[in-house]
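# Structure assessment
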Amino acid sequence: MDYVLGTRKQTVKNERKLIFPVMAGISAWICIICIRKETQRKRMRAKSKGRHIPCGAYEAVLKRPMDIVFSTLALGLLAPVMSFTALAVKIKLGSPVIFTQERPGLDGKVFRIMKFRTMTDARDENGKLLPDEYRLTSFGKLLRSTSLDELPELWNILKGDMSVVGPRPLLVEYLERYDGRQKHRHDVRPGLTGLAQVSGRNGLSWTEKFEDDVRYVENITFLGDIKIILDTVKVVLRREGIHSGTSETMEAFTGNGADPVGRQYPCHEGRRRGTVL
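Everything numeric here is computed off the predicted structure, so don't read it as measured data. (Residues numbered from 1 in each chain as written. Predicted model: local features only at pLDDT ≥ 70, side-chain atom pairs only at ≥ 80, totals over all residues. Heavy atoms only, no water.)

## Quick look at the pattern of salt bridges
Summed over all chains, the structure comprises 13 salt bridges. A salt bridge links E153 to R168, with the shortest nitrogen-to-oxygen separation between them at 2.7 Å. Taken as a pair, E153 in helix α6 (residues 153-159) and R168 in the loop between β3 (163-165) and β4 (191-193) lie far apart in primary sequence, 15 residues in all. A salt bridge links R181 to E218, with the shortest nitrogen-to-oxygen separation between them at 2.8 Å. In this pair, R181 sits in the loop between β3 and β4 while E218 sits in helix α8 (residues 206-218), placing the two residues 37 residues apart along the sequence. Taken individually, R181 and E218 each receive the classification buried, so the pair is uniform in this respect. Among the ionic contacts, a cluster of salt bridges with common partners joins K115, E150, E153 and R168. (Salt bridge = Lys/Arg side-chain N within 4 Å of Asp/Glu carboxyl O. Helix = DSSP H or I, 4+ residues; strand = E, 2+ residues; numbered from the N terminus. Buried < 20%, exposed > 50% of the residue type's maximum accessible area, 1.4 Å probe, protein only.)

## A short note on helix α2 (residues 57-77)
The periodicity of an α-helix, 3.6 residues per turn, causes residues three or four positions apart to be oriented the same way. Look at α2: 29 Å from first C-alpha to last across 21 residues, which is about the 30 Å you get at 1.5 Å a residue. The sharpest bend along α2 measures roughly 45° and falls at K63, with the proline P65 sitting one to four residues further on. Of the residues making up α2, those classed as buried are Y58, E59, A60, K63, R64, D67, S71, A74 and L75. (Expected span 1.5 Å × (residues − 1). Bend = angle between axes of the 7 residues up to and from the residue.)

## Comments concerning unusual backbone geometry
The amide bond that connects S95 to the next residue, P96, takes the cis arrangement and shows omega of -5°. With respect to the helices, strands and loops of the structure, P96 is situated in the loop between α3 (79-93) and β1 (98-104). Non-glycine residue S147 carries a positive phi angle of around 60°. Residue classification places S147 among the buried positions, given a relative accessible area of 17%.

## Considerations on the side chain of R168
According to the relative accessible area criterion, R168 is buried, its value standing at 11%. Of the polar contacts made by the side chain of R168, one reaches the side chain of E153; its length is 2.7 Å. In this structure the side chain of R168 is engaged in a polar contact, spanning 2.9 Å, whose partner is the backbone oxygen of G191. R168 has contacts with K115, E150, E153, M162, R185, P190, G191, L192 and Q197, leaving out every residue within four places of it along the chain. (Polar contact = N/O pair within 3.5 Å; in protein donor to acceptor, adjacent residues only side chain to side chain. Contact = heavy atoms within 4.5 Å.)

## Overview of the environment of L170
In this fold, L170 is placed in the loop between β3 and β4. The buried category is assigned to L170, whose relative accessible area is 15%. Taking the C-alpha atoms as reference points, L170 and G105, 65 residues apart in sequence, are found 8.8 Å from one another. What L170 contacts, discounting residues up to four positions off in sequence, is R103, P104, Y178, R185, W206 and F210.

Listed below in structure tokens is the structure:
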């Protein structure tokens, strides 16, 4: 009798041990099915509207939740750094501490980007702001070289205006100056960092930057984003590409001749034209 009871207890224990891996497997299977269906739905919807077609599940479904997790964790971990930087800006440059400006995002929709202020409001005798090189202080140069001025953009990521990785958001007036291919940089959310930023930053020409932006849009992958993030850390630590060849910041983009028809580049075309991991 004792032997039978012991055997039954052991059987129950073994069954309980199997419950967790079985349930985990079922849950994972359900998640995979849901992700595949959502990916297919978004691809079909994008195709029907003539918009950028997501290359896979990461871009279509997983990228945005990961942005939320990353920005939330980063805001918590970097809160002391951001507080100290805000105090330093207040002492060195005065108010306002945060610089905001309208920038075009996904599909060209305008949002207000947030950065730590790096320039003064110095003006000429006519009340016009002086050029950047006259308003950018040594303290502002330090913030830019270390990319500390970009930290408030984590709020833009959390809000959904931006992504961790993507083409950098530029000025609104540039929208009408892009050619057909360059316009595709707005098929995705703009990023805190991007392929162009780890390929030379302000050391690149506008044509080179835009080509890198579109190459990224054509082939967004999880491994590609991880590589860009790791390369960004290296670039920031080395303080590379902060200045263009002739300016403290970057010369204005004045246009390059319009292509009247903007092509839609599915991900398989992107792989033929050049990939990002």
